[in-house]
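Chains, contacts and geometry: an overview
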Amino acid sequence: MATSSKPPLRWLAALVLAGVASAQAAPQVDRLLEAAQNGSPVVRPQAAERLIALADEAAPRMLTLLETESLADLGQELVEVAGKLGSAELRERLWRALDDRDFPWRPAAARGLAASIQAFERERALAWLDDPLASVRSAGVTALGALDARADEPVLHALLKSDSSDRVRRDAAELVDAWGTRWALAWIVEELDRTDVFFDQDTGRAARFAATRALEQRLGHALAVRPEEPASAPANAAAFQALRDEVKALAGGRWPKLPAVAKVGAAVPPALLGLEIRSCRAGEHFLRFSADDRLWLGVGANPTSVALEPGTVERLVATIGAALEPLEVDTWGEPGCDAEQLYLRTDPAAAPRIWRVSKGAEAVADLRPEALAAALRALVAAVPEAIDGAPARRTLDAALSAVGGPLE
Amino acid sequence: MRRLLPLVLAALAVGAMPVEDPIEIELTKLADYDYRPGMDLPASVADLDGIRVVFDAYMHNETDDDTKTFLVVGDACMCAGTPLVNHFVEITLDSGRTGYRPGQITFEGRLSVSEKTDDLGLVESLYRLDGNFF
């Protein structure tokens, strides 16, 4: 019968068409995979995102790639997108990678998983909130948002209270606000008044711009406060007060008492010596020494400060300056996800000199020259064993080991 | 000789033109909108096309050795996550070559603002600067 023969014909036609579409997609998928893995930093994220629309082809091709390459070799863009292709096998590989503290692209893996987190994965995502890497904690917030896990709001309040990363606190505040607890916006409003810098990096200004964008999104209108200047600057003062009034009204008249970590503190005196470590494995560490013999840990609104013995910083600057004097180059290694930068400024008004070591996912032997190692040993020795009850010197030593190898 | 006269006059006119002062810009502002390929760019950004500018930026850590062309970003730490297309400026040096340099650097030159795409339709650059750093 004609009617009974139509469905098989239709299926056959559909199968043929699907086959043609698949054959057309395959070369494009391969080219996008290549661009996402080896293209320029501008192109890689776009190519990876383009693969999501071709997930049916891209997921098996990625699994084929993984027969000959490690997940780490795919690079962070493909690691992230691997979690968004709807493949349970790829997702399981990402979960395993996240459990490996030596995997170089843990933040990318967490972001990829968070974007399409499943209810049964909630417990595992909650564990990210205690991760040493801020980017992983941030992905944990994204995951809770994707799950609409409102019962977990108290864990976000804990992040607001004590997380050392301004980005994690901002992400948490945005989600808590989206769930109706509007006083959380006070955390972001406070960021508008930041003026902090870390040597030549205007971290306060970057935070003001990020806070402006976040608030405009949450409030649904442009801010009159201009992020080019801190909120308490005369040009901003009236608009800032109006913004605070608006947020306070939204929160039912409540303005929370911000914890020390989130409150804008006194200005940090110009630093003479500092260290910045950004390691995909050991996390981010910032410390600097100011002429008034204080050590400052972290960046942001209110870094922790420790008083040192009088004369410590002057001696350190002299020792480290002498150690680095023979060096004729200031950068070593290859670009990658592990980097350490030593800053030295002998003239407070001048730009700092910077010595940098960086590397990719693999450990590299003899990466750091002995003169720089000697300078770093002197710096690490000046850091107290523990600060606020947490090991400081050992943590710093481990982070430096993760980048340029052991100092000894 | 008469045929050469317009060229000579044009050359003299160019030579007599005042040097254009660069406008100081901030990469934070070039990055301060949600970019989508093919979109109409904000006027504050589009109006900078062809303008001589000066700005502070950081070399991207994937800068090759001994290169004339490299990427810079406004945020040394790339703290806001993966930098997007409108967070980068592609620099082509007028003269000389360089490798990666840490720390903040001042760049000056003529800015181009337009999408440059590859054969997959991926945007290779949105902002380009022909100039130098000091």
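Residues numbered from 1 in each chain as written. Chains lettered and ligands numbered in written order. Predicted model: local features only at pLDDT ≥ 70, side-chain atom pairs only at ≥ 80, totals over all residues.

The helix and strand tally for chain A stands at 16 helices and nine strands. Over its C-alpha atoms, taken along the principal directions, chain A stretches across nearly 100 × 60 × 35 Å. For chain A, the residues scored as buried account for 43% of the 408 residues in total. The contacts of chain A with a sequence gap of at least 6 include a subset with a gap of at least 24, amounting to 61%. (Helix = DSSP H or I, 4+ residues; strand = E, 2+ residues; numbered from the N terminus. Buried ≥ 20, exposed ≤ 12 C-beta atoms within 10 Å, placed from the backbone. Contact = placed C-beta atoms within 7 Å.)

Of all residues in chain A, 94% have pLDDT values of 70 or greater, and the mean over the chain is 92. Across residues 1-5 of chain A the pLDDT falls below 50, and counting only partners more than four positions away or on other chains, this stretch makes zero contacts in the model. (pLDDT = per-residue confidence, 0-100.)

Residue and element names in this part refer to chain A. In terms of burial, strand β7 (residues 353-359) is a largely internal element, six of the seven residues being buried. Alignment of strand β5 (residues 331-333) against β7, held across three bridges, turns out to be parallel. Bridge pairing links Trp332 to Val357 in β7. Here seven bridges tie strand β6 (residues 338-344) to β7, and the two strands are oriented antiparallel to one another. Opposite Leu342, over in β7, you have Trp355 as the bridge partner. (Pairing = 2+ DSSP bridges.)

What follows is about unusual backbone geometry. Here the phi dihedral of Asp293(A) falls at roughly 60°; this positive angle occurs in a residue that is not glycine. Within the secondary structure, Asp293(A) sits in the loop between β2 (283-290) and β3 (294-297). Classification of Asp293(A) by C-beta neighbours within 10 Å gives partly exposed; the count is 17. You will see that Asp66(B), though not glycine, has its phi angle at about 50°, which is positive. Summarising the element assignment, Asp66(B) is placed in the loop between β2 (52-59) and β3 (69-73). Residue classification places Asp66(B) among the exposed residues on the basis of 7 C-beta atoms within 10 Å.

Looking now at the sheet that holds β7(A). Residue and element names in this part refer to chain A. The mixed open sheet is built from seven strands, whose spatial order is β4-β3-β2-β1-β6-β7-β5. Looking at the sheet topology across the chains shown, the edges are occupied by β4 (304-307) and β5. Neighbour to neighbour, the strand axes of the sheet diverge by 10° on average, direction disregarded. Along the sheet, helix α15 (residues 370-381) makes contact with β1 (271-279), β6 and β7, crossing β6 at roughly 75°. (Axes fitted to C-alpha atoms, helices over the stretch in contact; angles between N-to-C directions.)

In this assembly, 27 residues from chain A lie in contact with 25 residues from chain B. Sorting the residues of the side of chain A that touches chain B by element identifies α1 (2-38), α2 (43-52), α12 (203-219), β6 and β7 of chain A as the ones contributing at least two each. Residues of the side of chain A that touches chain B, tallied by class, amount to 14 nonpolar, six polar and seven charged. (Nonpolar A, V, L, I, M, F, W, Y, C, P; charged D, E, K, R; others polar.)

Here the focus is the pairing of β2(A). Residues and elements named next belong to chain A. In terms of residue burial, β2 counts as a mostly covered element, since seven of its eight residues are buried. Turn length for the β1-β2 hairpin, with the two strands adjacent in sequence and antiparallel, is three residues. Relative to β3, β2 is paired through four bridges, and the arrangement is antiparallel. Paired with Leu287 across the strands is Leu297, a residue of β3. A loop of three residues connects β2 with β3, the two strands running antiparallel in sequence, and Asp293 in this loop sits at a positive phi of about 60°.

Residues and elements named next belong to chain A. Along the polypeptide, Glu284 turns up in strand β2. Glu284 gets classed as buried once you count the C-beta atoms within 10 Å, which come to 20. The sequence separation of Glu284 and Ala262 amounts to 22 residues, and the corresponding C-alpha distance is 18 Å. Once you skip the residues sitting within four places of it in the chain, Glu284 turns out to touch Ala134, Ile277 and Arg278.

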